[in-house]
Amino acid sequence: MLLGKNILVFGSNSEINLSIAERIVSDQAGKLFYVSSEKVDLDQNGAVEFIQLNFYDNTELDRLVELLGNEKIDGIVYAGGMGGVRPLKLNSPDFVSQMFHHNVFTFFEIIRLMTKKRLINEGASIVALSSVSSIKGLKSKSVYSSSKAALDAAVRGMAAELADKKIRVNSIQKGWVITDMNLDFIQSNMAVAENNDFEKQVLGAIDPKEIANLVVFLLSDQVKTLTGTNLLLDGGYTL
Amino acid sequence: MTEAIPYDRGFIQRKKILITGASKGIGFALAKELDSKGTSLLLHASSEEGYERLWTHFEGRGHAFWQADFFKPHEIEASLQSVLDDFGPLDGFVNCVGVRLRRPVNLLNVSIIQDTFNANFTSYLEVIRLITKKKRFQSGLSILSISSISAHSGAAGVSIYAATKGALESATRCLAKELYKKEIRINIIVCGQVNTEAYQALMNSKEDKQDAVLERQYMGLLQPSNLVNACIFLLSESSCFINGTSFPADGGYLQ
Amino acid sequence: MTVQEKLNLIEEALELDVNSLTEDKALEDIPEYDSMAKLTIIVLADDEFGKKLTGEQLRDFKTVGDIVAFLS
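Only a predicted model underlies this, so the values are computations on that prediction, with no experimental measurement involved.

Trainee: Break down helix H4 (residues 110-131) of chain B for me, with residues and values.
Mentor: All names here are of chain B. Between its first and last C-alpha atoms H4 spans 30 Å; for 22 residues at 1.5 Å apiece the expected length is 32 Å, and the two agree. Along H4, the helix axis deviates most sharply at Asn118, where the bend reaches about 50 degrees. Among the 22 residues in H4, 20 count as buried, and that is most of the element. For H4, the side-chain oxygen to backbone nitrogen distance between the N-cap and Ser111 is 3.0 Å, and the N-cap itself is Asn109.

Trainee: Which residues make up the interface of chain A and chain B, and what values go with them?
Mentor: Contacts between the two partners involve 43 residues from chain A and, on the opposite side, 40 residues from chain B. Taken over both partners, the interface formed by chain A and chain B buries close to 3300 Å², and the fraction arising from carbon and sulfur atoms is 65%. Of all residues in chain A, Leu88(A), Phe105(A) and Glu161(A) give up the largest surface area on contact with chain B, accounting jointly for 21% of the area buried on that side. Across the contact surface, chain A and chain B share zero salt bridges. Where chain A touches chain B, the interface holds 15 residue pairs in polar contact (both at pLDDT 80 or more). Looking at the side of chain A that touches chain B element by element, the count peaks at 14 residues for helix H4 (residues 93-116) of chain A. Here the side of chain A that touches chain B is composed, by residue class, of 18 nonpolar, 14 polar and eleven charged.

Trainee: Tell me what's going on with the packing of aromatic side chains, and back it up with residues and numbers.
Mentor: What the rule picks out here adds up to 15 aromatic pairs over all chains. A centroid spacing of 5.0 Å and a plane angle of 55 degrees characterise the contact between Phe105(A) and Phe117(B), whose relative ring orientation is tilted. Residue Phe105(A) is located in helix H4, and its partner Phe117(B) is located in helix H4; the two belong to separate chains. Take Phe105(A) and Phe117(B): they sit in the same class, and that class is buried. A ring pair is formed by Phe61(C) and Phe70(C), whose centres lie 6.1 Å apart and whose planes are at 55 degrees; its orientation type is tilted. Taken individually, Phe61(C) and Phe70(C) each receive the classification buried, so the pair is uniform in this respect. Among the aromatic side chains, those forming a connected cluster through ring pairs are Phe10(A), Phe55(A), Tyr56(A), Tyr78(A) and Phe107(A). Looking at Arg86(A), its charged tip hangs above the ring of Phe95(A), at a distance of 4.5 Å from the centre. When the ring centre of Phe87(B) is taken as origin, the NZ or CZ atom of Lys16(B), which lies over that ring, is 4.9 Å away.

Trainee: Which residues make up the sheet that holds strand S7 (residues 246-249) of chain B, and what are the values?
Mentor: All names here are of chain B. Taken together, seven strands build an open sheet; the order of strands is S3-S2-S1-S4-S5-S6-S7 and the sheet is parallel. Whereas interior strands pair on both sides, the edge strands pair on one side only; in this sheet they are strand S3 (64-67) and S7. Each strand axis lies, on average, 20 degrees off the axis of its neighbour in the sheet, ignoring direction. Of the strands in this sheet, strand S1 (16-20), S3, strand S4 (90-95), strand S5 (137-148) and strand S6 (185-191) are in contact with H4, which crosses S5 at around 175 degrees. With respect to the sheet, helix H6 (residues 159-179) is in contact with S5, S6 and S7, its orientation differing from that of S6 by roughly 150 degrees.

Trainee: How would you summarise unusual backbone geometry if you had to cite specific residues and measurements?
Mentor: All names here are of chain A. For Gln28, which is not glycine, the phi dihedral falls at a positive 55 degrees. Along the polypeptide, Gln28 turns up in the loop between helix H1 (15-26) and strand S2 (32-36). Of the residues examined, Gln28 reaches a relative accessible area of 56% and is grouped as exposed. Even without being a glycine, Ser140 presents a positive backbone phi close to 70 degrees.

Trainee: I'd like a description of the UniProt feature "domain: Carrier" (unreviewed entry) in chain C, backed by residues and values.
Mentor: The sites that UniProt annotates as "domain: Carrier" (unreviewed entry) are residues 1-72 of chain C. Between the C-alpha atoms that bound residues 1-72 of chain C the distance is 8 Å, and the span itself is 54% helix and 0% strand.

Trainee: An account of the interface of chain B and chain C is requested, with residue identities and associated values reported.
Mentor: Many structure descriptions define interface size as the accessible area lost when the parts assemble. Every contact between the two is made by seven residues of chain B and, on the other side, five residues of chain C. The contact between chain B and chain C buries some 440 Å² in all, and 34% of this surface belongs to carbon and sulfur atoms. In this structure, the connection of chain B to chain C is made through three salt bridges. Here Lys182(B) ties to Glu15(C) by a salt bridge, and the two come within 2.7 Å at their closest N and O atoms.

Trainee: Quick one: what's the story with the environment of Ala21(A), residue by residue and with numbers?
Mentor: Residue and element names in this part refer to chain A. One can find Ala21 in helix H1. Along the sequence, Ala21 and Tyr34 sit 13 residues apart, while their C-alpha atoms lie 7.7 Å from each other. Excluding residues within four positions of it along the chain, Ala21 makes contact with Leu32, Tyr34 and Leu42.

Trainee: I'd like to hear about helix H3 (residues 76-87) of chain B, residue by residue, with values.
Mentor: Residue and element names in this part refer to chain B. The terminal C-alpha atoms of H3, which comprises twelve residues, lie 16 Å apart, in line with the 16 Å expected from a rise of 1.5 Å per residue. Buried residues along H3 sit against S1, strand S2 (40-45), S3, S4 and H4. Of the residues flanking the end of H3, it is Gly88, one or two places downstream, whose phi is positive at about 95 degrees.

Trainee: Provide a residue-level description of the pattern of salt bridges, including the pertinent values.
Mentor: Counted by the stated rule, this structure contains 20 salt bridges over all chains. Lys72(B) is the partner of Asp69(B) in a salt bridge, and the nearest nitrogen-oxygen pair spans 3.7 Å. One salt bridge in this structure joins Lys134(B) and Asp17(C), with 3.1 Å as the shortest N-O distance. Here the residue Lys134(B) occupies a position in the loop between H4 and S5, and Asp17(C) occupies one in the loop between helix H1 (3-13) and helix H2 (35-49), the pair thus bridging two chains. Three or more residues are tied together by salt bridges with common partners; here these are Lys89(A), Lys182(B) and Glu15(C).

How each quantity is defined
- Residues numbered from 1 in each chain as written.
- Chains lettered and ligands numbered in written order.
- Predicted model: local features only at pLDDT ≥ 70, side-chain atom pairs only at ≥ 80, totals over all residues.
- Heavy atoms only, no water.
- Helix = DSSP H or I, 4+ residues; strand = E, 2+ residues; numbered from the N terminus.
- Expected span 1.5 Å × (residues − 1).
- Bend = angle between axes of the 7 residues up to and from the residue.
- Buried < 20%, exposed > 50% of the residue type's maximum accessible area, 1.4 Å probe, protein only.
- Polar contact = N/O pair within 3.5 Å; in protein donor to acceptor, adjacent residues only side chain to side chain.
- Contact = heavy atoms within 4.5 Å.
- Buried area = accessible area lost by both parts, 1.4 Å probe.
- Salt bridge = Lys/Arg side-chain N within 4 Å of Asp/Glu carboxyl O.
- Nonpolar A, V, L, I, M, F, W, Y, C, P; charged D, E, K, R; others polar.
- Phe/Tyr/Trp six-rings, centres within 6.5 Å; stacked < 30°, edge-to-face > 60°.
- Lys NZ or Arg CZ within 6 Å of the ring centre and 35° of its normal.
- Pairing = 2+ DSSP bridges.
- Axes fitted to C-alpha atoms, helices over the stretch in contact; angles between N-to-C directions.
- UniProt positions renumbered as here; feature names shortened; annotations may be inferred.

Here it is as structure tokens:
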């Protein structure tokens with residue numbers, strides 16, 4: 001589906017992100033640039049061009065343009081961000097700043113930089129990974145959830161703005177993913193929760209490969225008029 | 001201006017209510033209405049001029065005043081503590097601070113984004129954290145803020161503004177679940193295009209004087225009094241079972 | 001930080017009156033010690049002491065003193 005398309009992925013070396021990268025390669029994309037501050041162990045016979053860069057740092061991000069070497073991009077996946085639980089009474093402006101910087105501001109900065117430098121081709125597709133938390137309230141996740149809601153709202157605004165260049169912007173509101181279970185903050189959240197939040201996801205936890213499938217579908221030309229939406233992939237969590 | 005809501009008569013006058021961003025727009029209209037009903041108000045303005053305006057308008061009516069720059073959330077705690085010590089526990093809090101940023105994506109930078117979030121979101125959260133501490137509120141405290149149809153619809157040039165409002169709505173849902181045990185409610189009004197001074201100024205600056213929003217907002221331009229009534233309803237016990245909602249006052253825009 | 005200071009920190013986190021807690025107080029006798037309070041303790045341990053408190057560890061705590069002992 002991605003034949004010949006140049007794709008840019010931002011994110012850690014989490015299993016979800018690796019799945020996305022593998023799936024993009026298997027779809028015979030043109031070039032895949034994987035931007036991460038962590039070392040990414042992904043041997044795909046040289047099909048992945050790994051760019052080690054702390055993209056949360058704005059000055060480092062400026063270097064991206066030269067690292068891409070004038071290569072124009074047909075698809076961007078923003079899979080960066082952070083999680084974290086924090087009851088309101090222990091909240092602080094610094095925590096809010098940090099969360100929003102990772103989950104929202106950096107995404108804006110990337111798209112600003114890429115559009116300003118005209119590095120995005122007409123007809124390109126931008127996909128941001130959001131969370132079902134954006135639309136469902138959970139105790140102690142107000143800052144995380146609101147950062148994802150901000151991301152979802154930003155997607156709509158950008159879609160309206162970039163429509164004249166035929167650039168599409170969408171987000172995926174994902175539910176619990178199998179690999180989430182190992183995350184520290186989710187472990188502690190589960191340990192203290194009175195009812196098990198996972199059980200609300202009636203179809204069970206999501207396989208990272210399914211997220212990768214949806215990302216690739218959104219990056220492709222299969223549905224060229226799909227833009228400004230937040231696609232719910234939540235295993236029935238919100239039912 | 002607005003008609004009194006019959007089932008609320010006499011109720012709101014016994015209450016202590018904090019209004020942030022009270023010096024203009026919806027905040028000012030709400031302050032005037034609650035003042036006329038005899039509510040005890042703590043009126044906030046971000047700027048020096050705003051504070052002056054509140055002072056000129058409401059001096060000698062038994063209200064309290066608070067100035068704090070919402071662009072600087074770190075400074076809120078210090079100034080709000082002492083103001084609350086004098087004012088006493090709150091029955092209501094309405095946040096009307098909202099910086100309307102219009103700027104295309106390629107002209108944004110992180111410091112503009114950060115500033116807008118500080119003013120529209122982070123400071124609000126900080127105020128909520130402080131007023132939901134023990135002895136700072138009465139049971140039944142109702143918290144309210146103002147969102148916008150732009151958080152739902154997507155228009156060019158307002159992606160940051162819309163993102164701050166989306167964040168507010170999501171936080172509202174989470175905090176409702178976090179605070180209900182303290183008998184605190186929190187809701188948010190999703191408002192359509194309102195006829196404020198800022199709106200008039202914007203329309204005067206446009207050449208064609210046309211507002212495309214009103215094609216979808218088929219009931220026409222919202223008047224501040226419409227929103228004031230919605231606020232008073234959500235502040236009052238009449239809405240005691242409404243919690244964590246995004247309450248539309250959109251003149252039909254979203255449906 | 002002294003034991004008393006830690007107790008005060010826990011009181012603040014659980015929104016209890018100052019000096020209402022003692023180390024031998026059983027956690028199950030504190031109605032305010034609910035899931036939100038537990039989460040608050042986890043975040044507090046990280047913020048103030050840089051310590052990761054897991055759900056399992058938290059479940060093993062029986063008294064206020066157990067929390068105090070962990071916060072070091």
